[in-house]
Each structure stands twice: as C-alpha cells, then as structure tokens.
Amino acid sequence: MLHQLQFLFESLDFAAMGNALLRVLAIFLCLTVHEASHGLAAYVLGDPTAKAQHRLSLNPLRHIDWFGLLMMFTVGFGWAKAVPVNPRYFRKPKQGMAVTALAGPVSNLLLAAAAVGISRLIYQYAPYTGLWNALFEFFLLTLAPLSIGLGLFNLIPIPPLDGSKVVAVFLPDDAYAMLMRYERYGFLVLLALSYFGVMSGMMSDAIIGVFSLLYNLFY
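Residues numbered from 1 in each chain as written. Predicted model: local features only at pLDDT ≥ 70, side-chain atom pairs only at ≥ 80, totals over all residues. Heavy atoms only, no water.

**Q** Teacher, can you tell me more about the overall build of the protein chain here?
**A** A tally of regular secondary structure across the protein chain gives ten helices and zero strands. When the helices and strands of the protein chain are listed from N to C terminus, the series reads α-α-α-α-α-α-α-α-α-α. Among the 219 residues that make up the protein chain, the fraction classed as buried is 38%. Across the protein chain, the fraction of contacts at a sequence separation of at least 24, relative to all contacts at a separation of at least 6, is 73%. When the accessible surface of the protein chain is split by element, carbon and sulfur atoms take 69% of a total near 13,100 Å². (Helix = DSSP H or I, 4+ residues; strand = E, 2+ residues; numbered from the N terminus. Buried < 20%, exposed > 50% of the residue type's maximum accessible area, 1.4 Å probe, protein only. Contact = heavy atoms within 4.5 Å. Areas by Shrake-Rupley, 256 points an atom, 1.4 Å probe, with all protein chains shown as cover.)

See below:
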C-alpha cells in the first residue's frame, strides 16, 4: 500500500496542478473586480441595490457562480452572479445602464494594465528566485491575458453581455425595450457561437493586440 501511494505521489504533475490553481485564482480575481465594478458604478449613479446586497465586496464568494465557472473551463465562456441593478434609480436609465455595464470591461482592462505594470516592476527590481519568477509569470502570462479576454468578451454587443447595454443607449426606446425583452435568449446565441468556434479567432487576435499594446507600454 505504501509503495502504491509513493508511486501515485511521484506520478502527480505538481507543476501542472500549480498552474491550474493560479489560473483559477486569476479567474476569481478577474470576475470579482468585474462584478464589484458594476455594483460600484451603479452605486455612484444612485442605485443602492448592489451595496445593500453586499456586492461591492472584493470577496469572490459573493460573486462567483460555480456553474458559470465550470462552463468557463468546459465550453470557453462562463459567467459570475449578475450584480442586481435597478435602473429606476438612475436619472437617465438607458445611459445609467450603459455606464454601469461598461464599468465591468473597463475594470478588467485596467486590471490587466496593472498586472503588466507589476510584472515590469518584478522584472526590473526583484531578485531572480523561483517565487519571484512565479509571480512574474502569474501577473504577465496568466492574469493579464485572462483579464483582457474577459473585458473584451463582455464588450461583444450580444445580450446579456455588457456590450449590448452599451450599444442599446443609441437605440430608440422601442428597440431598446425589445432588446431587453429578448435578452435571455442571447445566452443560447453565445453558446452556439462558442460551440462552433465562430468568435475564437477574432477574440484571440483582439486579446493579443491589447496585450501587445500593454506590453509595449510598460516594457
């Protein structure tokens, strides 16, 4: 029995397990910042709903939808718990919803910029050790691309993604009402697009483009 346990222990790929854990940590951080930013934007615009439900927190457990997280790993896109927003609190509901929606993707792009900036500081000032190298790779090669990907993906103008609410501000009221009415069916469209790989090439090019821009900015 002891021999079998030793063989099992030796056969484990701890490097791969560590990389997987760091990826999960990065996803938690990206989703938490994204959702908390939605709530904060709504609160600044006068809607206290998210604050009342403790959704301005940076505690990932208040934002993570476990099934959505599983979908992110299995089909390529997922979701967190939607931040509750009541547009009736906004002076201009459509504009308020657009600003609240845009806050999420913008926060991810800012998080990516911060991650690349931190990696630059580590590269320039930290001694070369295993720990610092792992942190460098986490910020530059894991957190930054994931945060960029989440931000850009949510800018796609298909309900219920944030981009649809940003585009909706330019629509007439009747078209806006229709878009919101059929918002729930957008998930099926996204699932189909992901399954057939329709957007994978464009998304990859966009992520690489933004990552290269940030890299050239800091390095």
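**Q** Is there a simple way to explain the nonpolar core in this structure?
**A** When a protein is soluble and globular, its nonpolar side chains tend to lie buried together. Core analysis: the biggest nonpolar cluster contains 35 residues, and Leu31, Leu143, Phe153 and Ile156 have the highest contact counts within it. Put simply, the parts of the chain that give this core at least two residues each are α2 (14-44), α4 (66-74), α5 (93-125), α6 (130-154) and α10 (200-218). Counting residues per element, this core draws most heavily on α6, which supplies eleven residues. Excluding residues within four positions of it along the chain, isoleucine 156 makes contact with Leu161, Gly163, Ser164, Met199 and Met203. Counting five residues, the second largest nonpolar core, distinct from the first, contains Ala42, Phe90, Met97 and Ala168. (Core = buried A, V, L, I, M, F, W, Y, C linked by side-chain atoms within 4.5 Å.)

**Q** For this particular structure, what's the right way to read the packing of aromatic side chains?
**A** Where two aromatic rings form a pair, the distance of their centres and the angle of their planes describe that pair. Counting across every chain of the model gives six aromatic pairs. Aromatic side chains tyrosine 123 and phenylalanine 136 sit 6.1 Å apart centroid to centroid with 35 degrees between the ring planes, which places their arrangement in the tilted category. Taken together, the positions of tyrosine 123 in helix α5 and phenylalanine 136 in helix α6 put the pair 13 residues apart, joining distant regions of the chain. By relative accessible area, which is 55% here, tyrosine 123 ends up exposed. For the ring pair tyrosine 215 and tyrosine 219, a centre distance of 4.4 Å and an interplane angle of 10 degrees mean the geometry is stacked. Site record: aromatic cluster; members linked through ring pairs are Tyr123, Phe136, Phe211, Tyr215 and Tyr219. (Phe/Tyr/Trp six-rings, centres within 6.5 Å; stacked < 30°, edge-to-face > 60°.)

**Q** Sorry if this is basic, but what is going on with the side chain of threonine 100 here?
**A** Mapped onto the elements, threonine 100 comes out in helix α5. Ignoring anything within four residues of it in the chain, the contact list for threonine 100 reads His38, Ala41, Ala42, Leu45, Val85 and Phe90.

**Q** Got a minute to help me understand unusual backbone geometry in this structure?
**A** Outside of glycine, negative phi angles account for most residues, and trans bonds account for most peptide bonds. Cis geometry marks the peptide bond from proline 159 to proline 160, where omega comes out at 5 degrees. The topology assignment puts proline 160 in the loop between α6 and α7 (162-168). Phi is positive for histidine 54, which is not a glycine, with a value near 60 degrees. Assignment of secondary structure puts histidine 54 in the loop between α3 (49-52) and α4.

**Q** Just checking my understanding: could you explain a nonpolar patch on the surface for this structure?
**A** A grouping of Leu102, Val106, Leu110 and Leu155 is seen on the molecular surface, where their side chains present a nonpolar patch of about 310 Å² in accessible area. Position of leucine 155 among the secondary structure elements: in the loop between α6 and α7. (Patch = residues over 30% accessible without salt bridge, like charges linked within 9 Å, V, L, I, M, F, W, Y side chains within 5 Å. Salt bridge = Lys/Arg side-chain N within 4 Å of Asp/Glu carboxyl O.)

**Q** Even after reading the chapter, I still don't get the side chain of histidine 63, so can you show me in this structure?
**A** Tracing the chain through its elements places histidine 63 in the loop between α3 and α4. Judged by relative accessible area, which is 0%, histidine 63 ranks as buried. Within the structure, the side chain of histidine 63 is placed 2.6 Å from the backbone oxygen of serine 57, a separation counted as a polar contact. Excluding residues that lie within four positions of it along the chain, histidine 63 makes contacts with Thr32, Glu35, Ala36, Arg55, Ser57, Ala80 and Lys81. (Polar contact = N/O pair within 3.5 Å; in protein donor to acceptor, adjacent residues only side chain to side chain.)

**Q** Just checking my understanding: could you explain the confidence of the model for the protein chain for this structure?
**A** The predicted coordinates ought not to be read in detail in places where the model reports low pLDDT. Per-residue confidence for the protein chain averages 86 on the pLDDT scale, and 90% of its residues sit at or above 70. Confidence, read as mean pLDDT per element, is least for helix α1 (residues 2-11) in the protein chain (45) and greatest for α5 (96). In the predicted structure, residues 1-9 sits below a pLDDT of 50 and forms one contact with residues beyond four places in sequence or in another chain. (pLDDT = per-residue confidence, 0-100.)

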